Amino acid sequence: MRDLICDEFQNTVSELLIRHHSILDVLSKLQETCARTNRATVKAVTGCGCLSIEAKKKQIPPDLSITDLKDYFESHLRGELCDNCREIIETEIGKTLFYLTALCNLLDLNLYDIFLKEHKKITTLRVFNFT
Ligand SMILES: [Zn+2]
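Residues numbered from 1 in each chain as written. Predicted model: local features only at pLDDT ≥ 70, side-chain atom pairs only at ≥ 80, totals over all residues. Heavy atoms only, no water.

(A) Inspection of the overall build of the protein at higher detail. Of regular secondary structure, the protein possesses five helices and two strands. The 131 residues of the protein split such that 22% are buried. Considering only contacts within the protein whose residues lie at least 6 apart along the sequence, 73% involve residues at least 24 apart. A total of about 10,000 Å² of accessible surface is found on the protein, and carbon and sulfur atoms cover 58% of it. (Helix = DSSP H or I, 4+ residues; strand = E, 2+ residues; numbered from the N terminus. Buried < 20%, exposed > 50% of the residue type's maximum accessible area, 1.4 Å probe, protein only. Contact = heavy atoms within 4.5 Å. Areas by Shrake-Rupley, 256 points an atom, 1.4 Å probe, with all protein chains shown as cover.)

(B) Geometry of a nonpolar patch on the surface. Taken together, the side chains of Ile23, Leu24, Leu27, Leu107, Leu109 and Ile114 define a hydrophobic patch exposed on the protein surface, amounting to about 530 Å² of accessible area. With three residues, helix H2 (residues 23-48) is the single largest residue contributor to the nonpolar patch. Its location among the elements puts Leu27 in helix H2. A residue is classified by how much of its surface remains accessible, and Leu27, at 43% relative accessible area, is partly exposed. (Patch = residues over 30% accessible without salt bridge, like charges linked within 9 Å, V, L, I, M, F, W, Y side chains within 5 Å. Salt bridge = Lys/Arg side-chain N within 4 Å of Asp/Glu carboxyl O.)

(C) Focus on the nonpolar core. By size, the foremost hydrophobic cluster in this structure holds eight residues: Val13, Leu17, Val26, Leu30, Phe98, Tyr99, Ala102 and Leu103. Counting residues per element, the ones that place at least two in this core are H2 and helix H4 (83-106). The greatest single-element share of this core, amounting to four residues, is contributed by H4. (Core = buried A, V, L, I, M, F, W, Y, C linked by side-chain atoms within 4.5 Å.)

(D) Structural context of the packing of helix H1 (residues 4-16) against H4. Where H1 meets H4, the closest approach of the two axes is 9 Å, and the angle between their N-to-C directions is 85°. Here H1 lies roughly perpendicular to H4, going by the angle between them. Listed contacts from H4 to Phe9, Gln10, Val13, Ser14 and Leu16 of H1 are Leu97, Phe98, Thr101, Ala102, Cys104 and Asn105. Of the residues in the contact of H1 with H4, the class split is seven nonpolar, four polar and no charged. (Axes fitted to C-alpha atoms, helices over the stretch in contact; angles between N-to-C directions. Parallel < 35°, antiparallel > 145°, perpendicular 65-115°, else oblique. Nonpolar A, V, L, I, M, F, W, Y, C, P; charged D, E, K, R; others polar.)

(E) Spatial organisation of the coordination of the zinc ion. Distances from the zinc ion to its protein donors, namely Cys48 (SG), Cys50 (SG), Cys82 (SG) and Cys85 (SG), fall within the range 2.3 Å. In this structure, the zinc ion is surrounded by four donor atoms whose angles at the metal cover 104 to 118°, and the resulting shape is tetrahedral. Linear spacing of the donor residues for the zinc ion on their chain is C-x1-C-x31-C-x2-C. (Donors = N, O, S within 2.8 Å, 3.2 Å for Na, K, Ca; no water. Tetrahedral: all angles 85-135°; square planar, octahedral: opposite > 155°, others 65-115°.)

(F) Quick look at the side chain of Asn110. Assignment of secondary structure puts Asn110 in the loop between H4 and helix H5 (111-125). Using a relative accessible area of 16% as the deciding quantity, one classes Asn110 as buried. A distance of 2.9 Å separates a polar atom in the side chain of Asn110 from the backbone nitrogen of Asp113. Not counting the four nearest positions on each side in its chain, Asn110 is found in contact with Arg2, Asp7 and Gln10. (Polar contact = N/O pair within 3.5 Å; in protein donor to acceptor, adjacent residues only side chain to side chain.)

Shown next, in the form of structure tokens:
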């Protein structure tokens, strides 16, 4: 069974993909949108200030079990995205999804099948999935 929204999105991307039909264009645009997403996240810290980052090396206790690691580590983020930064980052992630889907189209891959495969993998491996 396929997911209708996911398949419809993939079909729409296929219809709109006129200008960037070359694999070279799609690969470079995908990389660019990933970089723009990262940049927008950094700007939430350095430009807006709604987020801050507080990070330092953690000393991991030697007797800590692998299942306790999840509770031990943190994101290093402080604060919350403001509405403006949230909108910008969501837009960039949307563009990333567009070009990721375009890559799937050019390689004749179904995005939803990939979601399912990855979901099955991470639910099977659980905490042992360190990719
Ligand atoms: Zn902000």
